[in-house]
Amino acid sequence: MLRVLEERGFPVTELRPLASSRSVGRELEYLGRPALVRELTEDAFEDIDVALFSAGATRSRAFAPAAVEAGAVVIDNSSAYRMDPAVPLVVPEVNEEALAGHAGIVANPNCVAAPLVVALKPILDAAGLERVIVSSYQAVSGTGLAAVEELRAQSLRVLGGDEAAPEVYPHQIAFNVLPHIDTFDEDGQTGEERKVMEETRKMLGLADLPVSATCVRVPVMHGHSESVHIETTTQIDPDEVRNLLMTAPGVALVDEPAYNRYPMPIDAAGRDEVLVGRIRRDPSHPRGIVLWLSSDNLRKGAATNAVQVAESIVTNGWL
């Protein structure tokens, strides 16, 4: 988030990093200057205009109300408020107008749902949506730094002929894929899959849209990818979809498979756009379209989207 604030030239007169008592005094760098971490308390938000929360749902529920009471707008990167009917869940390229009615808290969406709706919105506007089926291929950085280190260490151990010794994940992640992100419910869905389905409906404003998700962890450091099967209300051909996405905000069209050009997480890493390609007709349905996308889960899936929300709020006078 700090790097994105720097890159985008967000207007900051005071940066106030807050964390638990364990991190108090830690020195961060912002625009080449030191910024000391202070303790997160209910009294820490005086004179703050925008509070970017990314410390988990428990901390968000505990401290976001205090930030709002102090006059700040909270942009929360956790799942705490995403499905609260009173809280806007926003990707600016998709539903920026929802910010106008915020009551102090805005939710930042799941790292799979955010790029998904960026790709779906132009198709929805042009041809409507009847059904969406998505399979995600999610990088280990979505779990956190410990998972990145585990993939790196396991890869070296397995290549050296040793056991993988998993700790972060229930199974080896190096040279493997795990169809398991978050906990399973009684219907066999995972928490991650529920988030993708529910948040996609909310952001698109389609409460009854049939959405099915299968979320898979893959041995990639950075960048989530998604295979997306779409059934539209009216027929639309792949060339029309390409033309729509070529000019869609937040999308970079990468769709020249004959020249081996298609979205890959290695190319999405470090970029804010959602890379979309492999656009083709679904032969199993008369109004079916299939596409593939990759995006940086730490940027558009989290930090960049949060800063874009802050920009929208400031620019439109919605503080």
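Scroll up for the structure.
Quick caveat, the model's predicted, so the values are computed rather than measured.

A. Up close: a nonpolar patch on the surface. A cluster of nonpolar side chains, namely Tyr-262, Met-264 and Ile-266, defines an oily patch on the protein surface of about 280 Å² accessible area. Looking at Met-264, the relative accessible area reads 31%, which means it is partly exposed.

B. Representation of the environment of Pro-170 within the structure. Relative to the helices and strands, Pro-170 is located in the loop between helix H5 (145-159) and helix H6 (191-204). Through-space distance from the C-alpha of Pro-170 to that of His-180 is 9.2 Å; in sequence the pair is 10 residues apart.

C. How the structure looks around the sheet that holds strand S12 (residues 274-281). On the basis of which strands lie adjacent, the open sheet formed by six strands has the order S9-S8-S10-S13-S12-S11 and mixed pairing. Among the strands making up the open sheet, the edge pair consists of strand S9 (211-217) and strand S11 (251-253). In this sheet, neighbouring strand axes are inclined to one another by 20 degrees on average, regardless of whether the strands run parallel or antiparallel. Pairing between strand S10 (residues 224-231) and strand S13 (residues 288-295): eight bridges, direction antiparallel. By the bridge assignment for S13, Ile-230 is matched with Ile-289. Running at roughly 140 degrees to S9, H6 makes contact with strand S8 (131-138) and S9 of the sheet. Strand contacts of helix H7 (residues 238-246): S11, S12 and S13, with the helix running at about 165 degrees to S12, the strand carrying the most contacts.

D. Fine view of helix H4 (residues 113-127). With 15 residues, H4 should reach 21 Å at 1.5 Å per residue; the first-to-last C-alpha distance of 20 Å fits that figure. Its axis deflected by about 35 degrees at Leu-120, H4 carries its strongest bend there, up to four residues before the proline Pro-122. Most of H4 sits inside the fold, with 13 of its 15 residues counted as buried. A positive backbone phi angle near 75 degrees is found at Gly-128, which sits one or two residues after H4.

E. Quick peek at the sheet that holds strand S5 (residues 50-53). Spatially, S5-S6-S7 is the arrangement adopted by the three strands of the open sheet, whose pairing is parallel. The sheet is open, and its two edges are formed by S5 and strand S7 (105-107), each paired on a single side. For this sheet the average axis-to-axis angle between neighbouring strands, irrespective of direction, equals 20 degrees. Bridging between S5 and strand S6 (residues 73-76) involves four bridges; their strand directions are parallel. Following the sheet pairing, Leu-52 is matched in S6 by Ile-75.

F. Looking closely at the pairing of strand S3 (residues 33-36). Pairing geometry for strand S2 (residues 27-30) and S3, over four bridges, is antiparallel. Residue pairing in the sheet places Glu-27 in a bridge with Leu-36 of S3. Between S2 and S3, which pair antiparallel in sequence order, lie two residues; one of them, Leu-31, sits at a positive phi of approximately 55 degrees.

G. Looking closely at the pattern of salt bridges. Considering all chains together, one arrives at 19 salt bridges under this definition. Linking Arg-242 and Asp-239 is a salt bridge whose minimum nitrogen-to-oxygen distance equals 2.7 Å. In this pair, Arg-242 and Asp-239 are both assigned in helix H7, three residues apart and thus about one turn of the helix distant. When its relative accessible area of 21% is taken as the criterion, Arg-242 is described as partly exposed. Here the residues in one salt-bridge network are Glu-7, Arg-8, Asp-272, Arg-299 and Glu-311, joined through shared partners.

H. Expanded view of the environment of Val-117. Checked against the element boundaries, Val-117 lands in helix H4. We classify Val-117 as buried; its relative accessible area is 0%. The spacing of Val-117 and Asp-76 is 41 residues in sequence and 18 Å in space, taken between C-alpha atoms. What Val-117 contacts, discounting residues up to four positions off in sequence, is Val-91, Val-94, Thr-200, Met-203 and Leu-204.

I. Broad picture of the environment of Leu-2. Within the secondary structure, Leu-2 sits in helix H1 (residues 2-7). Linking Leu-2 and Tyr-30, residues 28 residues apart in sequence, is a C-alpha distance of 6.7 Å. Setting aside its immediate chain neighbours within four residues, Leu-2 contacts Leu-15, Leu-28, Glu-29 and Tyr-30.

J. Looking closely at the pairing of S10. Here S10 lies mainly inside the structure; seven of its eight residues are buried. In this structure, S8 lies alongside S10, joined through seven bridges in antiparallel fashion. Across the sheet, the residue bridging to Tyr-137 is Ser-225, located in S10.

K. How the structure looks around the nonpolar core. The biggest cluster of nonpolar side chains holds 55 residues, and the ones touching the most others in it are Leu-129, Val-228, Val-276 and Leu-291. The contact partners of Val-276, leaving out residues within four places of it in the chain, are Ala-119, Leu-245, Val-251, Ala-252, Leu-253, Val-254, Asp-255, Pro-263, Leu-291, Trp-292 and Leu-293. Core analysis: the second largest hydrophobic core is formed by 15 residues, Tyr-30, Ile-75, Val-309 and Ile-313 among them.

Basis of the calculations
Residues numbered from 1 in each chain as written. Predicted model: local features only at pLDDT ≥ 70, side-chain atom pairs only at ≥ 80, totals over all residues. Heavy atoms only, no water. Patch = residues over 30% accessible without salt bridge, like charges linked within 9 Å, V, L, I, M, F, W, Y side chains within 5 Å. Areas by Shrake-Rupley, 256 points an atom, 1.4 Å probe, with all protein chains shown as cover. Salt bridge = Lys/Arg side-chain N within 4 Å of Asp/Glu carboxyl O. Buried < 20%, exposed > 50% of the residue type's maximum accessible area, 1.4 Å probe, protein only. Helix = DSSP H or I, 4+ residues; strand = E, 2+ residues; numbered from the N terminus. Pairing = 2+ DSSP bridges. Axes fitted to C-alpha atoms, helices over the stretch in contact; angles between N-to-C directions. Contact = heavy atoms within 4.5 Å. Expected span 1.5 Å × (residues − 1). Bend = angle between axes of the 7 residues up to and from the residue. Core = buried A, V, L, I, M, F, W, Y, C linked by side-chain atoms within 4.5 Å.

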